[in-house]
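Reading the structure
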Amino acid sequence: MNIRPENLLLLTDSYKVSHWKQYPKGTTHVFSFFESRGGRFPTTTFFGLQYFLKRYLVGQAVTKANIEEAKEIFGKHLGPNLFNEAGWLYILERYNGKLPVIIKAIPEGMTIPTSNVLMTVENTDPEVPWLTNYLETLLSEVWYPTTVCTQSRAMRALILKALERTGDPNLIDFKLHDFGFRGSTSPESAGLGGAAHLVNFKGTDTMAALIAARDYYGEEMAGFSIPAAEHSTITSWGKAREADAYANMLSAFPTGLVAVVSDSYDIYNACEEIWGKQLWEKVMERDGTLVVRPDSGHPPTVVVKVLNLLGEAFGFSENAKGFKVLHPKVRVIQGDGIDYIMLEEILEAIAKAGWSADNIAFGSGGGLLQKVDRDTQKFAFKCSAVRVNALWEDVMKDPVTDHGKKSKAGRLKLIERNGVFSTVREEDCKDENLLVPIFRNGELLVDHSFADIRARAAKT
């Protein structure tokens with residue numbers, strides 16, 4: 001699929017438009033790389049490049065109309081003679097508007113330690129060395145789906161550890177549900193971030209994520225959901241008829257899982273009196289499982305008390321690991337305030353109270369898709385080599401005020417020896433380069449399936 005209403009020439013930072021005038025005379029090639037320099041998590045799970053390539057770069061990315069529009073806009077924005085009209089016309093005429101660059105990257109879904117190269121970009125035509133870093137702005141945005149995928153994977157590891165300790169690890173795939181669509185900055189960010197989450201889990205309410213996974217990764221249905229109430233569908237009945245609102249959910253959805261937000265007035269009364277007494281028989285007779293959702297208060301405190309109240313009302317058993325598991329007719333989902341830190345606090349609190357993680361699922365919105373930025377994993381796209389007068393020269397930065405921003409030098413590759421990943425110079429090592437050519441001169445060379453990405457993320 002290839003949808004391109006945007007003008008690629010405008011998808012860059014303004015200052016890059018003048019960079020074609022700034023390279024040393026005789027420069028024919030620019031080699032740049034993309035990495036996570038560190039950050040919150042010690043490893044990075046790569047995801048999202050295929051979306052950007054299919055969405056913006058594959059095929060004819062440059063047209064005469066693009067060039068004319070860009071010339072007009074940059075002329076007004078920056079002044080005359082700064083836009084490289086001749087360079088873009090060369091690409092249009094020589095390559096029919098396809099971009100003469102080669103992009104190599106690790107396979108999507110692969111997890112590697114930070115401070116290693118994830119992607120390299122180099123122009124393939126000596127007439128357009130400026131093109132490599134003109135694309136930096138757009139390609140750098142891979143930081144977002146990669147960071148969400150990395151964080152989601154770390155959250156999966158937290159939950160899996162709790163399940164291994166207190167319950168059934170086979171339940172992991174549906175333990176963290178994406179509630180993030182409304183909190184995202186755009187449908188595109190919701191789709192990218194939501195698809196990144198689905199690399200690690202299979203539960204979502206973010207429809208944009210399903211469409212992104214389908215259209216750009218060939219996955220017919222990447223995630224699943226269930227009928228669920230929101231506050232408006234409960235409070236519309238009025239406080240006096242709260243029990244009727246809950247009873248309606250049970251009768252409207254007589255089978256399977258159904259989630260009911262139960263804190264519109266008093267979550268503890270709802271668990272103890274309404275679910276636990278007034279509607280106890282309906283819950284027990286229903287062909288499925290009621291999922292009670294608290295949605296306010298201090299999550300660790302509230303969740304433990306809700307589990308205790310539901311346990312008293314519906315009963316529980318003790319599993320082989322010595323932790324309590326609610327009657328199979330009842331479970332809990334906590335969807336308020338969930339981020340990586342809070343998730344760990346809740347899991348520890350319920351285990352300390354003797355409850356298995358089997359009893360609970362989580363929903364996360366802003367904490368999953370929005371509580372990240374480019375510095376969460378310290379992403380950077382840097383030039384590391386240029387070819388000038390037929391000779392390759394190293395390029396790097398090393399600010400005296402922040403040596404943590406020192407960049408790598410040379411034409412780089414990624415290798416693995418005995419399970420250890422290293423970024424090395426191409427000429428210094430004959431080991432296989434784990435960076436695979438993904439894109440060359442307008443053509444997509446590798447088309448990752450979502451299933452393969454999931455499998456790769458699960459094993460690395």
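Everything numeric in this text was worked out from a predicted model, so none of it was measured.

**Quick notes on the overall build of the protein chain**
The secondary structure content of the protein chain amounts to 16 helices and 18 strands. Dimensions of the protein chain, computed from C-alpha atoms along their principal axes, come out at roughly 85 × 50 × 40 Å. When the 460 residues of the protein chain are sorted by exposure, 55% land in the buried category. In the protein chain, once contacts between residues fewer than 6 apart in sequence are set aside, the share between residues at least 24 apart is 77%. Carbon and sulfur atoms make up 51% of the accessible area of the protein chain, which amounts to about 19900 Å² in all. The centroid of the 52 positive side-chain charges in the protein chain is displaced by 4 Å from the centroid of its 57 negative side-chain charges.

**Side note on the pattern of salt bridges**
By the definition in use, this model includes 22 salt bridges. Linking Lys 76 and Glu 72 is a salt bridge whose minimum nitrogen-to-oxygen distance equals 3.2 Å. Of this pair, Lys 76 and Glu 72 both sit in helix α2 (residues 64-78), four residues apart, which is roughly one turn of the helix. Of the residues examined, Lys 76 reaches a relative accessible area of 69% and is grouped as exposed. For Glu 72, a relative accessible area of 47% gives the class partly exposed.

**Quick look at the sheet that holds strand β13 (residues 379-388)**
Taken in spatial order, the seven strands line up as β14-β13-β1-β5-β3-β17-β18 in an open sheet, and their pairing is antiparallel. For this open sheet the edge positions go to β14 (391-394) and β18 (443-444), each flanked by a neighbour on one side alone. As judged from the five bridges shared by strand β3 (residues 101-105) and strand β5 (residues 117-123), these two strands associate in the antiparallel manner. By the bridge assignment, Ile 102 is partnered in β5 with Glu 122. The strands touched by helix α1 (residues 49-57) are β3, β5, β17 (436-440) and β18; relative to β3, the strand with the most contacts, the crossing angle is about 160°.

Reading the values: the criteria
Residues numbered from 1 in each chain as written. Predicted model: local features only at pLDDT ≥ 70, side-chain atom pairs only at ≥ 80, totals over all residues. Heavy atoms only, no water. Helix = DSSP H or I, 4+ residues; strand = E, 2+ residues; numbered from the N terminus. Buried < 20%, exposed > 50% of the residue type's maximum accessible area, 1.4 Å probe, protein only. Contact = heavy atoms within 4.5 Å. Areas by Shrake-Rupley, 256 points an atom, 1.4 Å probe, with all protein chains shown as cover. Lys, Arg positive; Asp, Glu negative; His and termini not counted. Charge placed at Lys NZ, Arg CZ, Asp CG, Glu CD. Salt bridge = Lys/Arg side-chain N within 4 Å of Asp/Glu carboxyl O. Pairing = 2+ DSSP bridges. Axes fitted to C-alpha atoms, helices over the stretch in contact; angles between N-to-C directions.

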